[in-house]
Amino acid sequence: MKLKILVGTMTSTADYVAQAIQMDCADLVSDVEITMMDNLDIGVFSEEQAKDAIYLICTSTYGSGDVPDNARALYESMSAQPQFLGHVRYGVIALGDRTYMQTFCFGGKKFDERLQDLGAQRVGEVWCHDASSGTMPETEGAQWCRQWLAEALQTAPAASA
């Protein structure tokens, strides 16, 4: 199985988390592919691209609970060109700051809501990191991802023969 990490970021923190996951979880899956969300659209979730893959949305929150600028086109395309995504299995790492309680981790939560609306199957719960906690999102994100991947691999549909 391939892990496809889609990164939405303004300050590169989500990219650092994705890179830590790529290094720490390479022994669990056949390939870990990191893709910045720049210029992506809903086509990234096509049946062909989703074959033998699980997606991880790794995104920060920007402004008043918005997705980062580089993730906007992908997020908006999911409404502008809606498609049934029942073949997509995914997880979400949402980065935020609890001092903004009204919009804490909304970047990731918005992606999760949109994906579920389109029929995608979330594995596990959305993982939220609080920037004000003083902990490193790279370390905690990689630890969470190892557990999440173990669950995802146990519940993976059998590969077609």
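Below, the structure is looked at part by part. Here the structure is a predicted model, which means the values were calculated and not measured. Positions within a chain are numbered from 1, following the residues in the order the chain's sequence is written. Note on the predicted model: pLDDT of at least 70 is required for a residue's local features to be given, and 80 or more for side-chain atom pairs to be given and counted; whole-chain, interface and lining totals, by contrast, use all residues. Hydrogens and water molecules were not included; the side-chain quantities draw on all heavy atoms of the structure.

## A few points about helix 3 (residues 72–80)
Taken together, the buried positions of helix 3 are occupied by L74, Y75, S77 and M78. Down the axis of helix 3, the sector holding all buried residues measures 160°, keeping them to one side. We call two residues in contact when some of their heavy atoms are within 4.5 Å. Only DSSP runs of H or I with at least four residues qualify as helices, and only runs of E with at least two residues qualify as strands; both kinds are numbered from the N terminus onward. Buried residues belonging to helix 3 abut strand 1 (2–8) and helix 4 (106–117). Each residue is assigned to one of three classes by its accessible area relative to the maximum for its type, calculated with a 1.4 Å probe on protein chains only: buried under 20%, partly exposed between the two thresholds, exposed over 50%. The arc in question is traced by the directions running from the helix axis to the C-beta atoms.

## What to know about the packing of aromatic side chains
Note on ring pairs: Phe, Tyr and Trp rings are taken, using the six-membered ring of Trp, and paired if centres are within 6.5 Å. Classes follow the plane angle, with under 30 degrees stacked, over 60 edge-to-face and the rest tilted. If you walk through the whole model with that rule in mind, you get 4 aromatic pairs. Aromatic pair Y75 and F111: ring centres 5.4 Å apart, planes at 70°, arrangement edge-to-face. Taken together, the positions of Y75 in helix 3 and F111 in helix 4 put the pair 36 residues apart, joining distant regions of the chain. Look at W144 and W148: their rings are 5.5 Å apart centre to centre, the planes differ by 15°, and that puts the pair in the stacked class. Taken together, the residues W144 and W148, both in helix 5 (residues 137–154) and 4 residues apart, mark about one turn of the helix. We classify W144 as buried; its relative accessible area is 14%. Judged by its relative accessible area of 2%, W148 falls in the buried class. The rings of W127, W144 and W148 are connected pair by pair, giving a single aromatic cluster. When the NZ atom of lysine or the CZ atom of arginine is within 6 Å of a ring's centre and also within 35 degrees of its normal, the charge is said to sit over that ring. Directly above the aromatic system of Y75 lies the positively charged group of R114, at a separation of 4.2 Å from the ring centroid.

## Re the packing of helix 1 (residues 13–24) against helix 5
Here helix 1 crosses helix 5 at 45°, and the two axes come no closer than 8 Å. The angle between helix 1 and helix 5 places the two elements in the oblique class. Every pair of crossing elements has a handedness; the one defined by helix 1 and helix 5 is right-handed. Of the residues in helix 5, those touching helix 1 at T13, Y16, V17, A20, I21 and D24 are P137, E138, G141, A142, C145 and R146. Gly is placed with the polar residues, together with every amino acid not listed as nonpolar (Ala, Val, Leu, Ile, Met, Phe, Trp, Tyr, Cys and Pro) or charged (Asp, Glu, Lys and Arg). Residues that form the contact of helix 1 with helix 5 fall into these classes: 7 nonpolar, 2 polar and 3 charged. Between N-to-C directions, angles span 0 to 180 degrees; the directions come from axes that are lines fitted to C-alpha atoms, helices contributing only their stretch in contact. An angle below 35 degrees is read as roughly parallel, one above 145 as roughly antiparallel, one from 65 to 115 as roughly perpendicular, and any other as oblique. Note on convention: near helix rotated counterclockwise from far helix by under a right angle means a left-handed crossing. Clockwise means right-handed.

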